[in-house]
Amino acid sequence: MSLLPQRTDLDVVGAGLTVRLPGGDTVPFAHLDYAASAPCVRAAAEAVEGLLPWYGSVHRGAGIRSRRSTQEYERARDVIAGFVGARPGDTVVFTRNTTDALNLLARCLPADVTTIVFDGEHHANLLPWPAPLRLATPSSPDAAVETLERALRSLRGPALLAVTGASNVTGEIWPVRRLADLAHRYGARVVVDAAQLAPHSPVDLAELGADYLALSGHKLYAPFGAGVLAGRADWLDAAAPYLRGGGASASVGAAGDVTWSTGPARHEGGTPNLLGAVSLAAVCAALTRADRAALHDREQDLLARLRGGLTGVPGAAEVSLFGPAQPRVGIVSLALPGNDAAAVADRLADDHGIGVRAGQFCAHPLTRRLTGAAGVATCDASTAALLRVSFGLGTTGADIDRFVGALGALTSVGAGRQLVGARTGR
Ligand code: PMP
């Protein structure tokens, strides 16, 4: 019997990465920035490696490579349809990422649909919608439901609620099911931005009560450039193709008259990202096979360890919208009053071999509100000011402990004050 640890599909590629510190020590790199881009897992890397010898054009050839590539691409679509619980009548469109998926849906909205968004959304779910009805960021799940109900009552005509599954800033889980049930009572549809929820929790269209769902492969351990929009086909089939060109067109007449494809092909103009699709499907399949409850418990243990450790770091205050008891995924953002978060992030990287992110995380209205509430002085109104720790598969208790220790040391001596300017403030 081998005493070597068993390799699994969900092992992180590059788990043993080390960095040399200025003092000469070499330490394991503690990657705590999964919410930006998660590391690749073996299932994704092996799917790519296994397919490369067969790589050929998708939907565009008769040779064996092309046939195999087409088959794998469509199989990937089916696997992902299963992963998101697609229902009869739903479609799965491959996109570049969540931003692309939400922009696609925004382009497919019937003209009379009003989109409703809360201000606390990531920019990817705030900016694509044409003239959305913007609702103030709520301070509790109940307030979210009440605010939405007032908005729905005031509207005439069809609506779409665009809401996040889990905040990329606070990690808090939004009351999606309650909001979706309410929206449906008023005849509105719902799209869930699952970019941050899907890496941490099963995402099922029916269970969420969603009509559409968007996610990114690079946050789901498959960093090969694919994302997904899944959901009801009718608006997508009725809308103009997202990208006009080959694949999206079924036939083009001599006079330039076009019959557009329906189904996913309509919005997948050009040669698709086969490796992105296949690697994403491989991760979805591996997660489906895995014990998700055990993964969840492990992540929640790490979260408790992090939050417990942070209580001993007086210079760091966790920010939250709904309060500390709200269930959350493995994401915590900290206000560091008196310290420049970007400078602290730099010192964590340079002096400790720890990777986190500082800034506003493409959610400016939300971070402005959270930093205001936390009393953090920002260097300038458009930059600064939170430090975000995020983790998932492959993260260890040692990674968390090192972060807590290093942060405590840096904030106690005010190390972050010495450097001015938030260089990573997007
Ligand atoms: N929504 C949320 C909640 C996110 O965290 C992100 C990425 N930070 C996005 C959407 C956009 O994802 P992408 O950059 O992959 O398009």
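So, how was this worked out
Numbering of residues starts from 1 in every chain and runs along the sequence as written. Selection of residues for local features in this predicted model requires a pLDDT of at least 70, selection of side-chain atom pairs for listing and counting requires 80 or more, and totals for whole chains, interfaces and linings are taken over all residues. Note that the side-chain values use all heavy atoms of the structure and ignore hydrogens as well as water. For helices, the fitted axis covers only the stretch in contact; all axes are lines through C-alpha atoms, and the angles between them, taken along N-to-C directions, range from 0 to 180 degrees. Secondary structure is summarised from DSSP: a helix means a run of H or I of at least four residues, a strand means a run of E of at least two, and numbering begins at the N terminus for each. Working rule for angles: under 35 degrees goes down as roughly parallel, over 145 as roughly antiparallel, 65 to 115 as roughly perpendicular, anything else as oblique. When the near helix sits turned anticlockwise from the far one by under a right angle, the crossing is termed left-handed; a clockwise turn instead gives a right-handed crossing. For this analysis, residues touch if any pair of their heavy atoms sits within 4.5 Å. Three residue categories are used. Nonpolar comprises Ala, Val, Leu, Ile, Met, Phe, Trp, Tyr, Cys and Pro, charged comprises Asp, Glu, Lys and Arg, and polar comprises the others, including Gly. Just so you know, the domain bounds were taken from an automatic or database domain assignment. Accessible surface is computed with a 1.4 Å probe, and the buried area is the amount of it that two parts give up when combined, taken over both parts together. Each salt bridge in this description consists of a side-chain nitrogen of Lys or Arg and a carboxyl oxygen of Asp or Glu lying within 4 Å of one another. Think of a polar contact as two N or O atoms within 3.5 Å of one another; within protein, one of them needs to be a possible hydrogen donor and the other a possible acceptor, and neighboring residues in sequence only count if both atoms come from side chains. What is meant by a nonpolar core is a set of buried Ala, Val, Leu, Ile, Met, Phe, Trp, Tyr and Cys residues, joined one to another through side-chain atoms within 4.5 Å. The rule is simple: take the accessible area with a 1.4 Å probe, protein chains only, and divide by the maximum for that residue type; under 20% is buried, over 50% is exposed, in between is partly exposed. What makes two strands pair is DSSP finding at least two bridges between them.

1. Some remarks on the packing of helix α4 (residues 141-154) against helix α5 (residues 176-185)
- At a closest axis distance of 10 Å, the pairing of α4 and α5 adopts a crossing angle of 15 degrees. On the basis of the axis angle, α4 is roughly parallel to α5. Taken as a pair, α4 and α5 cross one another with a handedness that is right-handed. Touching Pro141, Asp142, Ala144, Val145, Leu148, Glu149 and Leu152 of α4 are Arg178, Leu179, Leu182 and Ala183, all from α5.
- Within the contact of α4 with α5, the residues separate by chemical class into eight nonpolar, no polar and three charged.

2. Considering the domain arrangement of the protein
- For the protein, the domain assignment lists domain 1 (18-39 + 291-412) and domain 2 (44-289).
- Measuring from the centre of the C-alpha atoms in domain 1 to the corresponding centre in domain 2 gives 29 Å.
- Counting from both sides, the interface comprises 37 residues of domain 1 and, opposite them, 35 residues of domain 2.
- The contact between domain 1 and domain 2 buries some 2900 Å² in all, and 57% of this surface belongs to carbon and sulfur atoms.
- Summed over the three residues of domain 1 that lose the most area to domain 2, namely Arg292, Phe322 and Val329, the buried surface amounts to 26% of that side.
- Counting across the domain 1 and domain 2 interface gives zero salt bridges.
- The tally of links from domain 1 across to domain 2 stands at 20 residue pairs in polar contact (both at pLDDT 80 or more).
- Those elements that place two or more of their residues in the side of domain 1 that touches domain 2 are α9 (292-310), β14 (331-335), α11 (364-374) and β17 (386-390).
- Ranked by residue count, the leading element in the side of domain 1 that touches domain 2 is α11, at six residues.

3. Concerning the nonpolar core
- Core analysis: the largest hydrophobic core is formed by 81 residues, its most contacted members being Leu148, Trp174, Leu179, Val203 and Leu220.
- When residues in this core are grouped by element, the largest group, eleven residues, is from helix α8 (residues 274-289).
- Two domains share this core, each providing at least three of its residues, namely domain 1 (18-39 + 291-412) and domain 2 (44-289).
- What Val203 contacts, discounting residues up to four positions off in sequence, is Phe83, Val84, Gly85, Ala194, Leu197, Ala198, Leu208 and Leu213.

4. Section: the sheet that holds strand β7 (residues 159-164)
- A sheet is described by the order of its strands in space; here seven strands give the open sequence β4-β10-β9-β8-β7-β5-β6, paired in mixed fashion. Looking at which strands have only one partner, the edges of the open sheet turn out to be β4 (90-95) and β6 (133-135). Averaged over all adjacent pairs, the angle separating strand axes in this sheet is 15 degrees, with direction ignored.
- Examined bridge by bridge, strand β8 (residues 189-193) and strand β9 (residues 212-216) share three bridges and lie parallel to one another. Counted as the bridge partner of Val192 is Leu213 from β9.
- Packing against the sheet, α4 makes contact with β5 (114-118), β6 and β7, and its axis sits at approximately 160 degrees to β5.
- In this fold α5 packs onto β5, β7 and β8, with an angle of close to 160 degrees to the strand it touches most, β8.

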